[in-house]
Every structure is written in C-alpha cells, then in structure tokens.
Amino acid sequence: MLSAIALHEVAGRDARLREALRAADLPTDDIEDDGRAFFEAVSGDGQTIGYAGLERCAGDYLLRSVVVLPAHRGHGLGRAIVEATLQNVDGGDVFLATTSAALFYSTIGFSELPRAEVPVAVLATRQLSSICPSSATIMKLNRPPT
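A brief look at the structure comes next. (Residues numbered from 1 in each chain as written. Predicted model: local features only at pLDDT ≥ 70, side-chain atom pairs only at ≥ 80, totals over all residues. Heavy atoms only, no water.)

## Overview of helix H1 (residues 15-23)
Defined as follows: Relative accessibility decides the category of a residue: with a 1.4 Å probe and only protein chains considered, values under 20% of the type maximum give buried, values over 50% give exposed, and everything between is partly exposed. Numbering of helices and strands starts at the N terminus; helices are DSSP runs of H or I of at least 4 residues and strands are runs of E of at least 2. Relevant arc is that of directions from the helix axis to the C-beta atoms, nothing else. The definition of a polar contact used here is a pair of N or O atoms within 3.5 Å, where within protein one atom must be able to donate a hydrogen and the other to accept one, and adjacent residues in sequence count solely through side-chain atom pairs.
Those residues of H1 that fall on the buried side of the exposure criterion are Leu17, Arg18, Ala20 and Leu21. Buried positions in H1, seen along its axis, are confined to an arc of 165 degrees and lie on one side of it. Among the exposed residues of H1, those pointing more than 90 degrees away from its buried face are Ala15 and Ala23. Sitting at the amino-terminal end of H1 is Asp14, which places a side-chain oxygen 3.0 Å from the backbone nitrogen of Arg16. Backbone geometry just downstream of H1 places Asp25 in the positive-phi region, at approximately 60 degrees.

What follows is the structure, given as structure tokens:
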C-alpha cells in the first residue's frame with residue numbers, strides 16, 4: 001500500500017523542480033510566470049518523489065508539470081501525485097496537454113477534447129498557445145477531483 005503523499009508548494013525558480021522537469025523533457029519556459037502553483041510531492045518517509053503544477057485559467061485549471069522522479073517510478077505514484085494535486089482545485093474544470101501520457105491520464109478520468117471545445121482562457125496560456133506543440137493531446141477531467 002502506498003504511503004501518504006504530502007504536497008509542499010515550491011517556487012517556479014526552485015532548482016530541483018526545474019531539473020526534474022528538464023530531465024523528464026517537460027517545459028520550463030514559463031514556470032516562473034504568475035498564476036502558477038507548483039508542488040513538491042513528498043512521501044511519508046520524507047523523500048521527494050516528484051512534482052506537479054496547476055495554472056489558474058479564469059475559472060478553470062491547467063494541470064501541468066507532473067513528474068515522478070526516476071527512482072520512484074513504477075509504483076503508482078504518478079496517479080497519487082495527480083490525485084493529491086487535484087485536491088488544490090476549488091471549482092472549475094481541469095485540463096491538461098500531453099504529448100506522451102494520454103493513456104495514463106485516461107486511467108485517472110481525463111478524456112481527449114478537441115481544441116475547439118477548450119475554454120479561451122486555457123488556450124491562451126503560454127503552455128497551450130506557444131510551448132506545447134499543436135499536436136499535443138488536450139484532455140479534460142470528467143469527474144470531480146477526489
């Protein structure tokens with residue numbers, strides 16, 4: 001059974017966050033911009049196991065920068081980090097963009113959404129307007145965060 005995961009907010013300029021994202025080939029161009037919250041996921045025994053972020057988009061959110069550190073992969077911790085991060089959502093819909101993890105996110109309750117159905121505020125984020133390739137899969141959470 002997984003131990004509890006605690007999230008601790010970290011600044012976008014945090015060197016360990018930046019390095020974890022770079023190592024996972026995730027973008028870092030805009031992580032210091034306003035409107036983003038990043039979290040360090042820490043296991044019950046105090047080990048940093050990964051990171052995740054949320055970007056507020058008017059009344060909605062963009063889930064971003066979810067990464068499990070290599071030493072902790074393969075134990076279901078990605079799902080646990082996403083679920084813990086979703087606890088920070090206070091209403092609105094949750095979207096994400098991915099180039100490689102659509103299957104993973106579909107197991108958590110996200111489903112693919114055509115760009116034409118994505119709210120303007122979400123599409124206007126740097127993440128979706130210029131950082132992610134236009135071929136990225138956009139997904140929306142189809143159940144309330146747990």
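Once you've had a look at it, read on.
## Quick notes on the nonpolar core
So the rule is basically this: We define the nonpolar core as a collection of buried residues of types Ala, Val, Leu, Ile, Met, Phe, Trp, Tyr and Cys that are connected through side-chain atoms lying within 4.5 Å of one another. Contacts were defined at the residue level, with two residues in contact if any of their heavy atoms lie within 4.5 Å.
Counting residues in hydrophobic clusters, the biggest one holds 24 residues, and the most contacted among them are Leu63, Ile81, Val82, Val94, Tyr105 and Phe110. Going through the elements one at a time, strand E2 (36-42), strand E3 (48-57), strand E4 (60-68), helix H2 (77-86), strand E5 (94-98) and strand E7 (137-141) are the ones with two or more residues in this core. Broken down by element, the residue count for this core peaks at five residues, all from H2. Tyr105 has contacts with Leu63, Val66, Val82, Leu96, Phe110 and Met139, leaving out every residue within four places of it along the chain.

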